[in-house]
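Results of the structural survey
Below are the chains, spelled out letter by letter.
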Amino acid sequence: MKLSELLLLSIGLAMDACAVSICKGISMNKMNWKKACIIGLYFGSFQALMPVVGYLLGSTFKSCITNIDHWIAFILLSIIGGKMIKDSFSNYESNCNDSVTFKVMVILAIATSIDALAIGITFACLKVNILLAIILIGIISFVLSVLGIKIGNKFGDKYEDSAELVGGLILILLGLKILLEHLEII
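Note that residues are indexed from 1 along each chain, following the sequence as it is written. Under the rules for a predicted model, residues below a pLDDT of 70 receive no local features and side-chain atom pairs below 80 are neither given nor counted, while totals for whole chains, interfaces and linings still include all residues. The basis for the side-chain values is all heavy atoms of the structure; hydrogens and waters are excluded.

Considerations on a nonpolar patch on the surface
Each patch is built from salt-bridge-free residues with over 30% relative accessible area, joining like charges within 9 Å and nonpolar side chains (Val, Leu, Ile, Met, Phe, Trp, Tyr) within 5 Å. Note on areas: Shrake-Rupley, 1.4 Å probe, and residue coverage restricted to the protein chains presented here. Any Lys or Arg side-chain nitrogen found within 4 Å of a carboxyl oxygen on Asp or Glu counts as a salt bridge. On the surface, a cluster of nonpolar side chains totalling about 690 Å² of accessible area is made up of Ile68, Trp71, Ile75, Ile79, Leu183, Ile185 and Ile186. Structurally, the position occupied by Ile75 is in helix 3 (residues 69-89). Note on conventions: DSSP H or I runs of at least 4 residues are helices, E runs of at least 2 residues are strands, and numbering of each starts at the N terminus.

Considering the confidence of the model for the protein
Of all residues in the protein, 94% attain a pLDDT of 70 or more, and the chain-wide mean is 86. As a per-residue measure, pLDDT tells how confident the predictor is, with possible values from 0 to 100. Taken element by element, the predicted model of the protein shows its lowest mean pLDDT in helix 6 (residues 160-182) (81) and its highest in helix 5 (residues 130-155) (94).

Brief notes about the packing of helix 1 (residues 3-27) against helix 4 (residues 102-125)
Lines fitted to C-alpha atoms define the axes here, with helix axes fitted over just the stretch in contact, and angles between the N-to-C directions of these axes take values from 0 to 180 degrees. Running from N to C, helix 1 and helix 4 point in directions that differ by 165°, and their axes come no closer than 11 Å. By the angle between their axes, helix 1 is roughly antiparallel relative to helix 4. Both helix 1 and helix 4 take part in a crossing whose hand is right-handed. Mapping the contact onto sequence places Leu6, Leu9, Leu13, Asp16, Ala17, Val20 and Lys24 in helix 1 and Val104, Met105, Leu108, Thr112, Asp115, Ala116, Ile119 and Phe123 in helix 4. Polarity classes work like this: nonpolar for Ala, Val, Leu, Ile, Met, Phe, Trp, Tyr, Cys and Pro, charged for Asp, Glu, Lys and Arg, and polar for all others, with Gly in that last group. Partitioned by chemical class, the residues of the contact of helix 1 with helix 4 number eleven nonpolar, one polar and three charged. For classification purposes, an angle smaller than 35 degrees is called roughly parallel, one larger than 145 roughly antiparallel, one from 65 to 115 roughly perpendicular, and anything else oblique. Crossing handedness follows the turn of the near helix against the far one: under a right angle anticlockwise gives a left-handed crossing, and clockwise gives a right-handed one. Contact between two residues is taken to exist if any of their heavy atoms lie within 4.5 Å; hydrogens are not considered.

A few points about the environment of Val166
Examined against the element boundaries, Val166 turns out to sit in helix 6. Along the chain, Val166 and Ile119 lie 47 residues apart, while their C-alpha atoms are 17 Å from each other.

A word on the nonpolar core
Core analysis: the biggest nonpolar cluster contains 28 residues, and Leu9, Leu77, Ile119 and Phe123 have the highest contact counts within it. When residues of this core are traced back to their parent elements, those giving at least two are helix 1, helix 3, helix 4, helix 5 and helix 6. In terms of residues, this core owes the most to one element, helix 1, which gives seven residues. Once you skip the residues sitting within four places of it in the chain, Leu77 turns out to touch Leu9, Ile119, Leu171, Ile172, Leu174, Gly175 and Ile178. Core analysis: the second largest hydrophobic core is formed by 13 residues, Ala17, Phe43, Ala109 and Ile149 among them. What makes a nonpolar core is a set of buried Ala, Val, Leu, Ile, Met, Phe, Trp, Tyr and Cys residues whose side-chain atoms join them at distances within 4.5 Å. With a 1.4 Å probe rolled over the protein chains alone, any residue whose accessible area is under 20% of its type maximum counts as buried; one over 50% counts as exposed, and the rest are partly exposed.

So this is what it looks like as structure tokens:
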């Protein structure tokens, strides 16, 4: 996987955390940089940790799935991306608050990083520099989370759904690219 693909993947994965961060920013009366950094650290850390767990799981079963690894990557990325796109059109009222307690943040960080676990499984099947991947995923998730809080605090909920939509499209397109490359269509 090329650096440009890893960057796009990292941005796509970070969009769930960014959308939740926008929600957190909306609930803040005044921008709080300390809370923004705490939220960014939770999301960045979990987004970086989950692919490692997925990679270890995927590596365990790699010999069993080598012939279909490109299909697994395509299916997982499409499912995750499709869910993100569906969520971007949902009219649910999210339970926004600016709390950064351990319990609240761990639950949110796990919920927004489950897709990163699935991506880690695909990393085991593809030629990916796992260290570079987790560093990029963690840093980009941190930055986009902090940026999301600032955007949410300044502009309200105008961009929350757009972040989910863009992230979902990126993941589906990456999955399609992986599949087409392995099928030697492109």
